[in-house]
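Tertiary structure, described
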Amino acid sequence: MAFHEQLLAAVAGRRGEAAANRLCEACVDLFDVDAAAISLVFDGANTGTLGHSGGPALQYDELQFVVGEGPCLDSVTTRRPVLVFDLADRRESRWPLYGPAMLEMSIRGVFAMPVVVAGEYVGALDLFRSDPGDLTAAQLAGAMLAGEMAGVPMLDLMDGALLAAASDPTADAWAELTALSRAEVSQATGMLVAQLNLEPTEALVRLRAHAYATGRSATEVARDILDRRLRLEPDRTGDQDD
């Protein structure tokens with residue numbers, strides 16, 4: 001059975017997040033990779049994970065949000081696949097934070113396929129491999145097809161108003177789509193704005209910096225802030241847990 005038939009069979013009868021997760025699981029089975037995730041990208045930032053093949057994939061994807069760099073962002077910016085065969089290669093230095101962090105988690109190869117909805121580049125399908133090496137021509141073609149298919153679950157998760165707005169690139173559909181994931185981060189950022197009298201952008205930077213410094217995900221830190229288990233200091237000299 002060809003890759004496109006296997007991918008279609010994997011998502012048959014599923015919609016939304018369930019289809020996104022199954023598509024990622026199928027990519028792991030078909031393309032000789034260890035993990036896969038579908039990233040949402042808005043306004044130059046990784047803002048959410050639509051689907052993933054498991055816990056590690058979610059961690060790899062969210063790290064791009066924490067450090068503000070990685071294959072999904074580059075794929076959307078360049079509007080083309082991003083293929084890195086070995087992050088340990090000394091010539092590979094495009095991600096000074098993300099690259100070494102992934103190597104610490106034993107990931108050597110990363111591949112990102114852009115996801116397009118209604119002509120807008122709204123995310124990327126990310127594939128992660130523990131061993132260095134290239135995708136074969138057939139695997140790359142299959143991964144690009146999977147990236148195209150990833151746009152369908154995004155549309156599934158939009159309500160009727162967003163679906164109607166999707167044909168208009170100037171509409172607010174893309175801003176509202178980002179609300180599908182990392183809702184806790186948005187809420188915690190708002191709490192920091194009120195508590196510390198910060199601009200929203202600076203508040204988000206503070207949250208992400210704490211997550212990176214403590215080796216945790218931004219979502220985990222956000223939940224602690226919302227549950228009042230963590231309060232960030234206003235003087236920026238350090239963070240403390242209550």
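The structure we're discussing is the one just above.
Each value, and the rule that gives it
- Residues numbered from 1 in each chain as written.
- Predicted model: local features only at pLDDT ≥ 70, side-chain atom pairs only at ≥ 80, totals over all residues.
- Heavy atoms only, no water.
- Core = buried A, V, L, I, M, F, W, Y, C linked by side-chain atoms within 4.5 Å.
- Buried < 20%, exposed > 50% of the residue type's maximum accessible area, 1.4 Å probe, protein only.
- Helix = DSSP H or I, 4+ residues; strand = E, 2+ residues; numbered from the N terminus.
- Contact = heavy atoms within 4.5 Å.
- Arc of directions from axis to C-beta.
- Expected span 1.5 Å × (residues − 1).
- Pairing = 2+ DSSP bridges.
- Phe/Tyr/Trp six-rings, centres within 6.5 Å; stacked < 30°, edge-to-face > 60°.
- Lys NZ or Arg CZ within 6 Å of the ring centre and 35° of its normal.

1. Here's the deal with the nonpolar core
Formed by 39 residues in total, the largest nonpolar core has its most connected members in Y98, M102, V110, F128, L207 and I225. Counting residues per element, this core draws most heavily on helix 3 (residues 55–67), which supplies six residues. When neighbours within four sequence positions are excluded, V110 is seen to be in contact with P71, V82, L83, V84, L87, W95, M102, L127 and F128. Ranked by size, the runner-up nonpolar core spans 28 residues in total, among them L7, C27, F111 and L135.

2. Some remarks on helix 1 (residues 3–11)
Because an α-helix completes one turn every 3.6 residues, residues spaced three or four positions apart along the sequence face the same direction. If you check which residues of helix 1 are buried, you get L7, A10 and V11. Here the buried residues of helix 1 occupy an arc of 85° about the axis, which is enough to place them on one side. Just downstream of helix 1, G13 is the residue with a positive phi angle, here 80°.

3. Considerations on helix 3
Along its 13 residues, helix 3 runs 19 Å from first to last C-alpha, staying within 8% of the 18 Å computed at 1.5 Å per residue. All buried positions along helix 3 are accounted for by A57, Y60, D61, E62, L63, Q64, F65, V66 and V67. One or two steps after helix 3, the chain reaches G68, where phi turns positive at roughly 75°.

4. Observations concerning the pairing of strand 5 (residues 120–129)
Summarising burial for strand 5: eight of the ten residues are buried, a large majority. Sheet topology note: the strand 4 (residues 109–117)/strand 5 ladder contains nine bridges and is antiparallel. The residue of strand 5 that forms the bridge with G109 is R129.

5. Focus on the side chain of S75
Relative to the helices and strands, S75 resides in helix 4 (residues 71–78). Take S75: its relative accessible area is 0%, and that puts it in the buried class. Not counting chain neighbours up to four residues away, the residues in contact with S75 comprise R80, P81, V82, A112, M113, P114 and A124.

6. Re the pairing of strand 4
Each regular strand shows side chains that alternate between the opposite faces of the sheet. The buried count for strand 4 comes to eight of nine residues, which makes it a mostly enclosed element. Taken together, the three bridges between strand 3 (residues 82–84) and strand 4 define a ladder with antiparallel strand orientation. Each bridged residue has a counterpart across the sheet, and for V84 the counterpart in strand 4 is V110.

7. Observations regarding the packing of aromatic side chains
Applying the stated rule across the entire model yields four aromatic pairs. Arranged with centres 6.0 Å apart and planes meeting at 85°, the rings of W95 and Y98 form a pair that is edge-to-face. Taken as a pair, W95 and Y98 share a single burial class, namely buried. In this structure, R94 packs its charged tip against the face of W95, placed 5.2 Å from the ring centre.

None of this, on its own, says anything about what the molecule does.
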